[in-house]
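These are the residues of each chain, in order.
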Amino acid sequence: MSETGSSSSRELTFSTSAIKALENVRGQPPLPRSLFHYTSSEGLLGIASTNTLRFSDTRFVNDGSEVLHGYFIYDAVLKEFLEGKTSEEVEASEALTERVRATIGSFNSYIFCLCEDNNLLNQWRDYGKDVVAYSIEFDVMPMLDRGYFNFSAALFKLIYDIDMQKRIMRALLDMMYEKYKSFGDLTDEEKASLTFSAAYEIVWLMHTFKNPAFEAEREWRFTAFTPDIDGNQPPDFRASSLGIVPYFAWQRTGEDKHLPILSVTVGPSPYARVADMALKMFLAKKGYPENTFFSQIPIRR
């Protein structure tokens, strides 16, 4: 191996490349002071009674195209990226795509969804239906502390614009391609290691993309991957519209188990004032601040 191609003094990884591509194209969105989680009466009872947030498996959420949408973006951008590339580079891309698919299957993702805004009509329609819904306001900063909960999760603002999704994915592929070339001659083992690293970055980036049909949700989400969660912690299960589905319990460490809840809003209802009174009683009993509001959006049920 030539001196210029030596990798002994280099870190053979693409770690953080996805974050850099995201920041270079979209920029870093301002971190909100608080975010809102819309839920049903049953959901609020579970959260405040057990001091637990549920991380849902992305295979069992309302958007059936979750990771699949991101993969389609990657596939389309890769085809453009490969124009004019050598047969050897095309072959390497096939190995990468195979590893991307394997990574999607082995690195399951689990999410806790939040919204930028309170009192959104579309959210009330999704979560209210024939019952009273609630919007829980969470203080964001303590939730970012890696020692605050029993496992780590990253906070993302989701990207809905397809053109931006493609530009970010292209920026990632360009960045990794240039870095790969800078390594010079590599052994087969080193190439395999880099392919694995590249696939992880691509799959990580996919989880920041969402189908534009869901743009009105204005979603931020905490995301954890299988390696982030203690392998000895088995999933719990809950009832959903899909039947029984798995989730992982996100709970505070330390003596105080209360979640960083700032306020709770009662969704549109002809009995909103009464529901608000009962909500204050419930929060007080569970040790949470009685900081409540009720929506005055007129929805007929």
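Given the structure is predicted, the values throughout are model-derived calculations rather than measurements.

Observations concerning the overall build of the protein
Moving on, step 1. In terms of helices and strands, the protein carries 9 helices and 10 strands.
Moving on, step 2. Residues classed as buried in the protein amount to 45% of the 301 residues present.
Moving on, step 3. A fraction of 85% describes how many contacts in the protein between residues 6 or more apart in sequence connect residues 24 or more apart.
Moving on, step 4. For the protein, the accessible surface area stands at approximately 15800 Å², while carbon and sulfur atoms represent 52% of it.
Moving on, step 5. Taken as two groups, the 32 positive and 41 negative side-chain charges of the protein have centres that lie 7 Å from each other.

Some remarks on the packing of aromatic side chains
Moving on, step 1. In this structure the tally under the stated criterion is 14 aromatic pairs.
Moving on, step 2. An angle of 75° between the planes, with centres 5.0 Å apart, marks the rings of Tyr38 and Trp124 as edge-to-face. In this pair, Tyr38 is assigned in strand 1 (residues 34–40) and Trp124 in helix 5 (residues 121–128), connecting sequence segments 86 residues apart. An identical accessibility class is assigned to Tyr38 and Trp124; each is buried.
Moving on, step 3. Ring centres of Phe222 and Trp250 lie 5.1 Å apart, and the angle between their planes is 50°; on these two criteria the pair is classed as tilted.

A short note on helix 4 (residues 87–106)
Moving on, step 1. A rise of 1.5 Å per residue sets the reference length of helix 4, with its 20 residues, at 28 Å; its end C-alpha atoms lie 29 Å apart and thus fit the reference within 8%.
Moving on, step 2. Those residues of helix 4 lying buried are Ser93, Leu96, Thr97, Val100 and Thr103. Each buried residue of helix 4 sits inside an arc of 125° when the element is viewed along its axis, so together they form one side. For helix 4, the exposed residues set more than 90 degrees away from the buried face come down to Ser87, Glu88, Glu91, Glu94, Glu98, Arg101 and Gly105.

Looking at the confidence of the model for the protein
It should be kept in mind that the predicted coordinates are not to be read in detail where pLDDT is low.
Moving on, step 1. Averaged over every residue, the pLDDT of the protein is 89; the share at 70 or more is 93%.
Moving on, step 2. At the low end of the mean pLDDT range in the protein sits helix 5, at 81; at the high end sits strand 9 (residues 261–266), at 98.
Moving on, step 3. Scored below 50 in pLDDT, residues 1–9 makes 13 contacts in the model with residues more than four places away or belonging to other chains.

Some words on the layout of surface pockets
Moving on, step 1. Each pocket or cavity is described by its volume, and for the largest pocket that value is around 1400 Å³.
Moving on, step 2. Tyr38, Thr39, Ser56, Tyr127 and Arg238 are the residues nearest the centre of the largest pocket, which is lined by 40 residues in total.
Moving on, step 3. Broken down by secondary-structure element, the contributors of at least two residues to the lining of the largest pocket are strand 1, helix 2 (41–50), strand 2 (53–57), strand 3 (109–115), helix 5, strand 6 (219–225) and strand 7 (236–240).
Moving on, step 4. When residues of the lining of the largest pocket are assigned to their parent elements, the largest contribution, 6 residues, is made by helix 2.
Moving on, step 5. Looking at the lining of the largest pocket residue by residue, the class counts come to 16 nonpolar, 14 polar and 10 charged.
Moving on, step 6. Here the second largest pocket defines a volume of roughly 760 Å³.
Moving on, step 7. Lining the second largest pocket are 28 residues; nearest its centre among them are Glu89, Ala92, Ser93, Tyr180 and Thr195.
Moving on, step 8. Breaking the lining of the second largest pocket down by element, the ones donating at least two residues are helix 3 (66–81), helix 4, helix 7 (162–182) and helix 8 (188–206).

What to know about a nonpolar patch on the surface
Moving on, step 1. A cluster of nonpolar side chains, Leu31, Met141 and Leu144, forms an exposed patch at the surface whose accessible area comes to about 270 Å².
Moving on, step 2. Tracing the sequence through the fold places Met141 in helix 6 (residues 140–143).

Let's talk about the nonpolar core
Moving on, step 1. Counting 36 residues, the largest nonpolar core has Tyr74, Val100, Met169, Ile202 and Leu205 as the members making the most contacts within it.
Moving on, step 2. Phe112, Ile136, Ala224 and Ile261 belong to the second largest nonpolar core, which has 33 residues in total.

Observations regarding the environment of Asp228
Moving on, step 1. Position of Asp228 among the secondary structure elements: in the loop between strand 6 and strand 7.
Moving on, step 2. For Asp228, a relative accessible area of 33% translates into the label partly exposed.
Moving on, step 3. In sequence terms Asp228 and Phe156 are 72 residues apart; their C-alpha atoms lie 16 Å from each other.
Moving on, step 4. Asp228 has contacts with Phe151 and Ser152, leaving out every residue within four places of it along the chain.

Things to note about the state of the cysteines
Moving on, step 1. Applying the stated rule across the entire model yields 0 disulfides.
Moving on, step 2. Looking at the unpaired Cys113, the closest cysteine sulfur is the one in Cys115, lying at 10 Å.
Moving on, step 3. Cys113 sits in the partly exposed class, given a relative accessible area of 27%.

The rules behind each value
Residues numbered from 1 in each chain as written. Predicted model: local features only at pLDDT ≥ 70, side-chain atom pairs only at ≥ 80, totals over all residues. Heavy atoms only, no water. Helix = DSSP H or I, 4+ residues; strand = E, 2+ residues; numbered from the N terminus. Buried < 20%, exposed > 50% of the residue type's maximum accessible area, 1.4 Å probe, protein only. Contact = heavy atoms within 4.5 Å. Areas by Shrake-Rupley, 256 points an atom, 1.4 Å probe, with all protein chains shown as cover. Lys, Arg positive; Asp, Glu negative; His and termini not counted. Charge placed at Lys NZ, Arg CZ, Asp CG, Glu CD. Phe/Tyr/Trp six-rings, centres within 6.5 Å; stacked < 30°, edge-to-face > 60°. Expected span 1.5 Å × (residues − 1). Arc of directions from axis to C-beta. pLDDT = per-residue confidence, 0-100. 1 Å grid on protein atoms, 1.4 Å probe; cavity = no way out; pocket = protein on both sides within 12 Å on 5 of 7 lines; lining within 4 Å. Points joined across faces, edges and corners; volume = space filled by probe spheres on them. Nonpolar A, V, L, I, M, F, W, Y, C, P; charged D, E, K, R; others polar. Patch = residues over 30% accessible without salt bridge, like charges linked within 9 Å, V, L, I, M, F, W, Y side chains within 5 Å. Salt bridge = Lys/Arg side-chain N within 4 Å of Asp/Glu carboxyl O. Core = buried A, V, L, I, M, F, W, Y, C linked by side-chain atoms within 4.5 Å. Disulfide = S-S within 2.5 Å.

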